[in-house]
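Examination of the molecular architecture
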Amino acid sequence: MRNNYGNIRTLQNFRDFIKDKSVSVVGIAISNISLMKFLCKCGVKKITARDRKDIFADGNIPELDELGKENVEINYILGENYLDNLTEDLIFKTPAIRRDLQPFIDAEKNGQTVTSEMELFFMLCPAKTVAVTGSAGKTTTTTIIGEILKNGGKKVYVGGNIGVPLLGEIENITKDDYVVVELSSFQLFDLNNSSFAPNYAIITNITPNHLDWHKDMTEYAEAKKVIFKNQQASDRIILSYDDDLTRSFKNDVNATAYLFSMDLLPEEYKNGIYCKDNSIFVRENGVEKKIMDKSDIFIRGGHNVKNFMAAIGVTYDIVSADAIKATANTFGGVEHRIEFVRDADGISYYNSSIDSAPTRTIAALNYFDRPGEDKKIIVILGGKDKKVSFDPLAPVVYKKAKAAVLYGATRETIKKCLDDYSENNPDCEDLDLRIADSFDSAVMTAKELACAGDIVLLSPACTSFDCFKNFEERGNRFKELVRGF
């Protein structure tokens, strides 16, 4: 059945395809609740919904209650045996569950189709597509591209790993629109097939991440490469020149490659985006064009200059330079990414809950690079262990922070890393290191350690799943506590 499913290109194709099929949805998260609504609109009358967790433990889910009132039969298989008797024709799997689990392998051998909400969206989407991935910066870059295109007068839909699920918008999207999608390595792992071929693709960088889910760094990098696997010469791939791994991908692509760099690109790269004399330039077929000054970018940080360069690689010939510059002048960042919360008693509080890896926290600490900001930071670190080394983080914490408050499942691991660095570098800066027994107490400890003029920064360097449903819930809890001071 996979071959027939893979030929679907229109919404009517899909409706015709599923009218006599049994359907299963595995993993009942936000996007898959939206998916279930979409399936019902397309004519599905019976859905088997599966989840390892008891999704009703905290009460009913209103959206699912509403579906049950619309002549749709929903059967639930919850708990450890949620993948038993996986016999449905069409199986939609959440990205967080690996598709190489034996029940999915057996299902495909049996002629069933294992797919995902994102795969179906790309099969049906008539618009020009921009796909963005990377270990850091992909959310900000995705958002910037969307804002630039809007400022340039284009109709744009932004989603994927951020925002609202896009499949529910498919009836409204036309061939003249643009869709900008942030994609995680989990989602790309599911898109390793011919249905996924974005017109524009970006890999911002690749550093060790999600090694608690991926088998190793090689598999993680290969998942990222899926973003350009099916592109053609008429498509465009934007890669970081400053990141060794992504730069090496240029040899593997079929699309036209643009490299972006904080420095002047070597002349051998005929297409690219780079900084020169404090300005940002595009080079197209060897011809150079200035887009704007770096000082036009309102949001601080060298990493945000890189994010804008990646976005320019997509948009420079779609909209005017004025539209790009107008976005740079006004864009203030995304929620949970070095988000200013408030000043209280002369202390500045910043929420960077999205920082789920050490490289993100390094960038967040380096964001505060104005004179006098070093050794003014109290950083809150901790969360779920992703099996990623914290060693690169230690010297930056000692250089930039006056104190670190550790909480969650990784608190002892991070403490050992920081202690080892101090022992091996006796001349390093002093650091007040504290352990908290909960997230709330970590925030309160940071408040108590701070004095007027200091900065309290939530930048955990870990995922949130030991204490929270997602990084948004973690960031919102931080803001709730801070606003209550």
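The text that follows walks through the structure, step by step, so that each part is easy to find.

How each quantity is defined
- Residues numbered from 1 in each chain as written.
- Predicted model: local features only at pLDDT ≥ 70, side-chain atom pairs only at ≥ 80, totals over all residues.
- Heavy atoms only, no water.
- Core = buried A, V, L, I, M, F, W, Y, C linked by side-chain atoms within 4.5 Å.
- Buried < 20%, exposed > 50% of the residue type's maximum accessible area, 1.4 Å probe, protein only.
- Axes fitted to C-alpha atoms, helices over the stretch in contact; angles between N-to-C directions.
- Helix = DSSP H or I, 4+ residues; strand = E, 2+ residues; numbered from the N terminus.
- Parallel < 35°, antiparallel > 145°, perpendicular 65-115°, else oblique.
- Left-handed = near helix turned anticlockwise from the far one by under 90°.
- Contact = heavy atoms within 4.5 Å.
- Nonpolar A, V, L, I, M, F, W, Y, C, P; charged D, E, K, R; others polar.
- Pairing = 2+ DSSP bridges.
- 1 Å grid on protein atoms, 1.4 Å probe; cavity = no way out; pocket = protein on both sides within 12 Å on 5 of 7 lines; lining within 4 Å.
- Points joined across faces, edges and corners; volume = space filled by probe spheres on them.
- Salt bridge = Lys/Arg side-chain N within 4 Å of Asp/Glu carboxyl O.
- Phe/Tyr/Trp six-rings, centres within 6.5 Å; stacked < 30°, edge-to-face > 60°.
- Lys, Arg positive; Asp, Glu negative; His and termini not counted.
- Polar contact = N/O pair within 3.5 Å; in protein donor to acceptor, adjacent residues only side chain to side chain.

As a further point, take the nonpolar core. Within soluble globular proteins, side chains that are nonpolar tend to cluster in buried spots. Grouped together as the largest cluster of nonpolar side chains are 65 residues, with contacts concentrated most on Phe14, Phe92 and Phe121. Membership of the second largest hydrophobic core comes to 37 residues, among which are Val156, Val305, Ile318 and Val334.

Let us now look at the packing of helix H16 (residues 439–449) against helix H17 (residues 471–483). Remark: H16 packs on H17, axes separated minimally by 10 Å, with the N-to-C direction vectors making an angle of 45 degrees. Here H16 is positioned oblique relative to H17, judged by the angle of their axes. Of the two elements, H16 crosses H17, and the hand of that crossing is right-handed. Taking contact as the criterion, the partners of Phe439, Asp440 and Val443 in H16 are, on H17, Arg474, Arg477, Phe478, Leu481 and Val482. Across the contact of H16 with H17, the residue classes break down as five nonpolar, no polar and three charged.

Our next topic: the sheet that holds strand E20 (residues 455–458). Taken together, six strands build an open sheet; the order of strands is E15-E16-E20-E17-E18-E19 and the sheet is mixed. Strand pairing shows two members of the sheet lacking a second neighbour, strand E15 (339–344) and strand E19 (432–435), which therefore form its edges. Geometrically, the sheet is characterised by an average inter-axis angle of 20 degrees between neighbouring strands, direction not taken into account. Two strands pair when backbone bridges link them, and E15 and strand E16 (residues 347–351) are joined in this way by five bridges, in the antiparallel orientation. Of the residues in E16, the one forming a bridge with phenylalanine 340 is tyrosine 350.

In this structure, the second largest pocket spans a volume of roughly 490 Å³. Lining the second largest pocket are 23 residues; nearest its centre among them are Ala136, Asn205, His303, Lys306 and Ala363. Those elements that place two or more of their residues in the lining of the second largest pocket are helix H11 (302–315) and helix H13 (358–367). The class makeup of the residues in the lining of the second largest pocket is six nonpolar, 12 polar and five charged.

So, about the pattern of salt bridges. Per the stated rule, a full pass over the model turns up 33 salt bridges. Between lysine 402 and aspartate 454 there is a salt bridge whose closest N-O contact spans 2.8 Å. With a gap of 52 residues between them, lysine 402 in strand E18 (residues 401–407) and aspartate 454 in the loop between H16 and E20 connect regions that are remote in the sequence. With relative accessibility at 2%, the residue aspartate 454 sits in the buried group. Within this structure, Lys93, Arg99, Glu108 and Asp190 form a network of salt bridges that share partners.

The next subject is empty space enclosed by the protein. To find leftover empty space, a probe the size of one water molecule is rolled over the atoms. For the coordinates displayed, the defined rule picks out one cavity of 30 Å³ or more. Roughly 40 Å³ of volume is contained in the largest cavity. The wall of the largest cavity is formed by Ser356, Ala357, Pro358, Asp385, Lys386, Lys387, Val388, Phe390, Ala461 and Cys462. Taken together, the residues of the lining of the largest cavity sort by class into six nonpolar, one polar and three charged.

On to the packing of aromatic side chains. The description of two aromatic rings rests on the distance between their centres and on the angle between their planes. Following the criterion strictly, the structure yields 16 aromatic pairs and no others. Arranged with centres 5.4 Å apart and planes meeting at 35 degrees, the rings of tyrosine 398 and tyrosine 421 form a pair that is tilted. Placement of the pair is tyrosine 398 in helix H14 (residues 393–400) and tyrosine 421 in helix H15 (residues 411–424), with a sequence separation of 23 residues. For tyrosine 421, a relative accessible area of 23% corresponds to the partly exposed category.

What follows covers the sheet that holds strand E11 (residues 256–261). Here nine strands make up an open sheet; going across it, the order is E7-E8-E6-E9-E10-E11-E12-E13-E14 and the pairing mixed. This sheet does not close on itself; its edge strands, each paired only once, are strand E7 (156–160) and strand E14 (287–293). When the angles between neighbouring strand axes are averaged without regard to direction, this sheet yields 20 degrees. The sheet contact formed by E11 and strand E12 (residues 272–276) spans three bridges and is parallel. Bridge assignment links phenylalanine 260 to a residue of E12, and that residue is isoleucine 273. Along the sheet, helix H7 (residues 138–151) makes contact with strand E6 (128–133), E7, strand E8 (178–182) and strand E9 (200–203), crossing E8 at roughly 170 degrees.

Time to look at the side chain of glutamate 182. Along the chain, glutamate 182 falls in strand E8. Despite its burial, glutamate 182 pairs with no opposite charge; the closest candidate is lysine 138, at 4.5 Å N-O. At 2.7 Å, the side chain of glutamate 182 and the side chain of threonine 139 are in polar contact. Non-local contacts of glutamate 182, meaning those with residues more than four positions away in its chain, are made with Val132, Lys138, Thr139, Thr142, Gly159, Gly160, Asn161, Ile162 and Gln187.

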